[in-house]
Amino acid sequence: MISSVLPTYSRAPLSFVKGEGSWLIEADGRRFLDMGAGIAVNALGHANPELVATLTEQAGKLWHVSNLYKIPEQQALADLLVDKTFADTVFFTNSGTETAELAIKMARKYHYEKGAPRATILTFEGAFHGRSTAAIAAAGSEKMVKGFGPLMPGFKQLPWGDMAAFNAAMDDSICAVMVEPVQGEGGIRPMPEADLKAIREACDRTGALLILDEVQCGVGRTGKLFAHEWAGVTPDIMMVAKGIGGGFPLGAVLATENAASGMVAGTHGSTYGGNPLACAVGLKVMQIVSDPAFLAEVNRKAGLLRQKLEGLVAAHPDSFESVRGSGLMLGLKCKAPNTELTAAARDAGVLVVPAADNVLRLLPALNIPDADIAEAVTRLDAAATAHEAV
Ligand SMILES: *Cc1c(COP(=O)(O)O)cnc(C)c1O
């Protein structure tokens, strides 16, 4: 008989009942070091006291009002995001997938309103933009789209890292280019800064809009507030979710005034998007993460974790091949199957997340204590040793 929860996930046999910083406590009392952080969601750790205080204070005042009214918490978070980024305007959602939907609509509407409609959006193999019909059409991988057709037309996938293919596809019929500065699900693959710059220039030349999907790599994850800052380019539209809510469902589409010019009253909406509870928490997260001193700490911790992971790879050449990624968005390219190593890590009391290309992802809380970084790598070392012994 089918399980009462639709079985679209293959789940580990663990049920967590409590979280404390970078630790998760299982129903049976075992403590696990959480190097996945809900897949880059719990950016400030579990049960962060400042976020708990913000959430409970807002919960006692007002949870939800309709977007038919002004929402001060939403306004404050939008103002902060505009102040800290390239953007002039922000729309709030409840998830990353919804940001993909709006980004696509916004880009097409922009060209329509300029009097020369364009549909085609270029994306890259290995991309992940969510699970809606549009988002799977954007990513285009067999695994995600099979059986769900007919797919939304107007997406063209290009080989990852092949700038010749990109240049050949790019002309003034292209609506937008949609790309993750660091692919997450695709296996922690950073796009080279030079390629991101070249894409920006090609967009400027052809009038296409640049949509950056920073749902996983944004909000301090790479050591800059947003990953594109490393390359010194700015997008026209940016998708943000995961870390921005610190664990509370929240997403945001950030845009320039020009890119957003087609999105007038009545063209888009969301019942829950931008509700007071989510935005109060999101504002606190962004206030903490956007502090330059906090980001400096992320970079220092990232250096520490990376150095220890390089040592792990050197000590276990049969299990691991290399370390890649940026900031606290790191991937261990594996030699042994990443699913087996994930299970071995779990047995050793450390949680990591598999990704495509046989990679293990490490996406810890951005404020993970140094001692927990050391303990996590000690446990990964034990996991590799145990896996090699079987
Ligand atoms: C997780 C993710 C999404 C989808 O976000 P959901 O909140 O699961 O809808 C989109 N893009 C990227 C890069 C992601 O990592």
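Structure: above.
This is a predicted model, so every value here is computed, not measured. (Residues numbered from 1 in each chain as written. Predicted model: local features only at pLDDT ≥ 70, side-chain atom pairs only at ≥ 80, totals over all residues. Heavy atoms only, no water.)

**Q** Which residues make up the site of the ligand, and what are the values?
**A** Every residue lining the ligand is accounted for by S95, G96, T97, F128, H129, G130, E180, D213, V215, Q216 and K242. Taking T97, its side chain carries an N or O atom lying 2.5 Å from an oxygen atom of the ligand. In isolation the ligand offers 390 Å² of accessible surface; the protein chains occlude 83% of this area. Split into classes, the residues belonging to the shell around the ligand amount to two nonpolar, six polar and three charged. (Near = heavy atom within 4 Å. Polar contact = N/O pair within 3.5 Å; in protein donor to acceptor, adjacent residues only side chain to side chain. Areas by Shrake-Rupley, 256 points an atom, 1.4 Å probe, with all protein chains shown as cover. Nonpolar A, V, L, I, M, F, W, Y, C, P; charged D, E, K, R; others polar.)

**Q** Please set out unusual backbone geometry residue by residue, giving values where relevant.
**A** Here the bond from G149 into P150 is cis, since omega is 0°, no more than 30 degrees from zero. Residue placement: P150 occurs in the loop between α6 (142-145) and β6 (155-158). The backbone of K242 sits at a positive phi, close to 40°, despite the residue not being glycine. Along the polypeptide, K242 turns up in the loop between β11 (237-240) and β12 (251-255). Among the residues examined, K242 registers a relative accessible area of 21% and is labelled partly exposed. Positive phi values are uncommon outside glycine, yet N358 reaches one of about 55°. In this structure, N358 sits in the loop between β16 (353-355) and β17 (359-362). Judged by its relative accessible area of 23%, N358 falls in the partly exposed class. (Helix = DSSP H or I, 4+ residues; strand = E, 2+ residues; numbered from the N terminus. Buried < 20%, exposed > 50% of the residue type's maximum accessible area, 1.4 Å probe, protein only.)

**Q** Summarise the packing of helix α10 (residues 292-315) against helix α12 (residues 370-389); cite the residues concerned and give the values.
**A** Packing of α10 against α12 leaves a shortest axis separation of 10 Å and a crossing angle of 15°. Classed by the angle they form, the pair α10 and α12 counts as roughly parallel. Our pair here, α10 against α12, has a crossing hand that is right-handed. Contacts between α10 and α12 involve R300, K301, L304, L305, K308, L309, L312 and A315 on the former and, on the latter, D370, I373, A374, V377, L380 and D381. (Axes fitted to C-alpha atoms, helices over the stretch in contact; angles between N-to-C directions. Parallel < 35°, antiparallel > 145°, perpendicular 65-115°, else oblique. Left-handed = near helix turned anticlockwise from the far one by under 90°. Contact = heavy atoms within 4.5 Å.)

**Q** Report on the packing of aromatic side chains, specifying residues and quantitative values.
**A** All chains considered together, the criterion is met by three aromatic pairs. Here the aromatic rings of F16 and F32 are separated by 5.7 Å at their centres, their planes lie at 80°, and the arrangement is edge-to-face. Separated by 16 residues along the polypeptide, F16 in strand β1 (residues 16-20) and F32 in strand β3 (residues 31-34) bring together distant segments of the chain. One aromatic cluster in this structure is built from F124, W160 and F166. Against the face of F155 rests R108, its NZ or CZ located 5.5 Å from the ring centre. Taking NZ or CZ as reference, K224 lies 4.8 Å from the ring centre of W230, over its face. (Phe/Tyr/Trp six-rings, centres within 6.5 Å; stacked < 30°, edge-to-face > 60°. Lys NZ or Arg CZ within 6 Å of the ring centre and 35° of its normal.)

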